[in-house]
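The residues making up each chain are set out below.
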There are 4 protein chains.
Amino acid sequence: MSHQQFKDCIDACVACAVTCSHCATECLKEEDVKMLSKCIQLDLECAAICRSAAEVMSLGSEYSHHLCRVCADVCNACAEECEKHAQMGMEHCKECAEACRKCAAACEKMATAA
Amino acid sequence: MSHQQFKDCIDACVACAVTCSHCATECLKEEDVKMLSKCIQLDLECAAICRSAAEVMSLGSEYSHHLCRVCADVCNACAEECEKHAQMGMEHCKECAEACRKCAAACEKMATAA
Amino acid sequence: MSHQQFKDCIDACVACAVTCSHCATECLKEEDVKMLSKCIQLDLECAAICRSAAEVMSLGSEYSHHLCRVCADVCNACAEECEKHAQMGMEHCKECAEACRKCAAACEKMATAA
Amino acid sequence: MSHQQFKDCIDACVACAVTCSHCATECLKEEDVKMLSKCIQLDLECAAICRSAAEVMSLGSEYSHHLCRVCADVCNACAEECEKHAQMGMEHCKECAEACRKCAAACEKMATAA
């Protein structure tokens with residue numbers, strides 16, 4: 001699979017990584033941080049794995065689809081947690097949930113295609 | 001400086017990191033790799049620093065402008081090297097040089113604004 | 001400066017990155033997460049910059065000393081914050097403060113030598 | 001699985017990442033870079049995945065064993081390639097092959113234990 005074919009998935013991964021890091025930082029500024037601890041934790045794991053998937057795809061690696069498999073899973077887990085707080089009005093969690101679902105879909109497609 | 005204000009610079013950094021990694025990989029597939037060794041080396045350094053600048057800005061860190069200072073410098077060095085090969089018709093180097101110059105400008109602005 | 005000369009500093013940076021990520025995760029499990037929000041934030045910034053400094057030094061980059069300059073600063077800031085909680089008996093903050101001070105010293109030396 | 005239980009595997013991953021980046025850089029300085037292009041490519045993929053596995057384990061993530069699975073595979077592939085050049089007397093490839101095999105074993109254990 002070419003770099004060009006990876007492009008949509010790379011874009012989704014880098015956007016998700018940035019949004020997850022931002023969400024973690026914004027969660028840390030909220031009044032009730034304790035309630036958001038699982039969200040922050042998943043943000044960090046998701047950001048790390050998204051960054052890695054993006055890098056490995058940028059290198060055109062044949063291991064990309066394996067990383068995309070893991071990435072889709074952590075993105076869905078992070079989205080699920082963020083969606084709880086999005087319903088309570090937290091804008092950064094709403095944005096993060098959307099970026100995670102979009103990235104999960106792109107990675108799912110990549111993992112299956114491989 | 002807010003996450004929103006960092007946004008253009010983050011986008012330039014992640015795009016540059018992806019393009020540099022891709023350029024390194026494409027250089028490795030060229031007939032005369034030896035001639036491209038400095039280019040590959042700078043691609044790797046530039047990609048690493050761009051990823052880092054993007055991550056640190058995503059976290060809204062006050063150290064962002066310091067990283068952007070370093071990032072602007074390595075981007076310009078990488079662009080200068082890639083431009084030599086772009087003139088010889090290497091498309092990946094042309095793309096990379098453009099991404100690097102764009103990122104250098106965004107980082108320069110960020111470093112100075114801080 | 002050779003890879004070998006960078007070795008001590010690389011080791012200090014990777015150890016610090018791992019300890020900072022671990023400290024963030026442990027802080028998130030504490031009862032009073034709110035009180036630790038600045039600590040978690042600095043852990044994340046410090047981990048990102050340490051990882052980057054280690055990668056750039058591993059590549060033998062001439063930009064290493066610039067990154068080490070930034071790294072020394074964020075390490076000292078993170079150590080200062082962690083030391084407050086270390087005094088209150090938090091073991092992960094104590095470990096983190098030590099790793100940060102050690103890394104700051106190694107990076108300081110590298111930044112000055114360059 | 002605790003951070004402490006992850007410790008050996010984290011150490012193997014960070015050591016492998018550093019050694020792979022260093023091997024790539026040293027390969028780029030060799031006379032016959034063309035012959036080493038596959039080695040450099042695998043060094044970069046392996047370094048990226050090792051860094052990621054180390055970060056995710058440092059965060060105590062439950063996705064760690066999935067990343068360790070991928071990491072073991074890329075480490076073995078990189079070791080296999082480096083071993084060819086190690087036989088021809090390239091010291092950086094010899095070091096890299098050893099770090100990769102050690103990391104593969106640690107990751108294999110982690111992936112299976114999970």
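Residues numbered from 1 in each chain as written. Chains lettered and ligands numbered in written order. Predicted model: local features only at pLDDT ≥ 70, side-chain atom pairs only at ≥ 80, totals over all residues. Heavy atoms only, no water.

An unreviewed UniProt entry lists chain A under the name Four-helix bundle copper-binding protein, with Pelobium manganitolerans given as the organism.

Focus on the packing of helix H3 (residues 64-86) of chain C against helix H4 (residues 91-113) of chain C
All names here are of chain C. Our working definition: Interaxial angle, 0 to 180 degrees, is taken between N-to-C directions of lines fitted to C-alpha atoms, where a helix line uses only the stretch in contact. Under the scheme used here, helices are H or I runs from DSSP no shorter than 4 residues and strands are E runs no shorter than 2 residues, and both carry numbers assigned from the N terminus. Just so you know how the angles are binned, under 35 degrees is roughly parallel, over 145 roughly antiparallel, 65 to 115 roughly perpendicular, and the rest oblique. Crossings are sorted by hand: turned counterclockwise from the far helix by less than a right angle, the near helix makes the crossing left-handed, and turned clockwise it makes it right-handed. Each residue gets one label: Ala, Val, Leu, Ile, Met, Phe, Trp, Tyr, Cys and Pro are nonpolar, Asp, Glu, Lys and Arg are charged, and the others, such as Gly, are polar.
Two numbers describe how H3 lies on H4: the axes approach to 7 Å, and their chain directions differ by 155°. By the angle between their directions, the pair H3 and H4 is classed as roughly antiparallel. The chirality of how H3 crosses H4 is left-handed. Among the residues making up the contact of H3 with H4, the classes are represented as 17 nonpolar, three polar and six charged.

With respect to the relation of the copies chain A and chain D
Our working rule: Fitting of the copies onto one another was done by least squares over C-alpha atoms, counting residues only where both copies have pLDDT of at least 70. Contacts are assigned to residue pairs that have any heavy atoms within 4.5 Å of one another.
Of the transformation placing chain A onto chain D, the axial shift is 0.0 Å and the rotation is 180°, giving an RMSD of 0.0 Å. The symmetry that links the two subunits is that of a two-fold axis. Rotation axis and chain A: the residue whose C-alpha lies nearest the axis is A:Ser52, separated from it by 3.0 Å. Here 100% of the interface residues in chain A have copies in chain D that are interface residues too; the copies meet face to matching face.

Points about the interface of chain A and chain D
Selection rule: Counted as salt bridges are all cases of a side-chain nitrogen of Lys or Arg within 4 Å of a carboxyl oxygen of Asp or Glu. For the purposes of these results, a polar contact is taken to be a pair of N or O atoms within 3.5 Å, where, inside protein, one atom must be able to donate a hydrogen and its partner to accept one; residues adjacent in sequence count only when each atom of the pair is a side-chain atom.
Each side of the interface is counted separately: chain A has 19 residues, and chain D has 19 residues. Taken together, the links from chain A to chain D amount to two salt bridges. Note that D:Arg51 is salt-bridged to A:Glu55, the shortest N-O span being 3.1 Å. On inspection of chain A and its partner chain D, the count reaches seven residue pairs in polar contact (both at pLDDT 80 or more). Residue assignment for the side of chain A that touches chain D shows that the elements contributing at least two residues are helix H2 (37-58) and helix H3 (64-86) of chain A. For the side of chain A that touches chain D, the element with the most residues is H2(A), which contributes nine residues.

Overview of the relation of the copies chain B and chain D
Superposition of chain B onto chain D requires a rotation of 180° combined with a translation of 0.0 Å along the rotation axis, giving an RMSD of 0.0 Å. When you check the interface residues of chain B against chain D, 100% turn up at the interface there too, and the contact is symmetric in its surfaces.

Comments concerning helix H4 (residues 91-113) of chain B
The criterion, for reference: Each residue after the first adds 1.5 Å to the expected span of a helix. Accessibility here uses a 1.4 Å probe with only protein chains present; expressed as a share of the type maximum, an area under 20% marks a residue as buried, one over 50% as exposed, and anything in between as partly exposed.
The end-to-end C-alpha distance of H4(B), which contains 23 residues, comes to 33 Å, matching closely the 33 Å that a straight helix rising 1.5 Å per residue would cover. Taken together, the buried positions of H4(B) are B:His92, B:Cys93, B:Cys96, B:Ala97, B:Ala99, B:Cys100, B:Cys103, B:Ala104, B:Ala106, B:Cys107, B:Met110 and B:Ala111.

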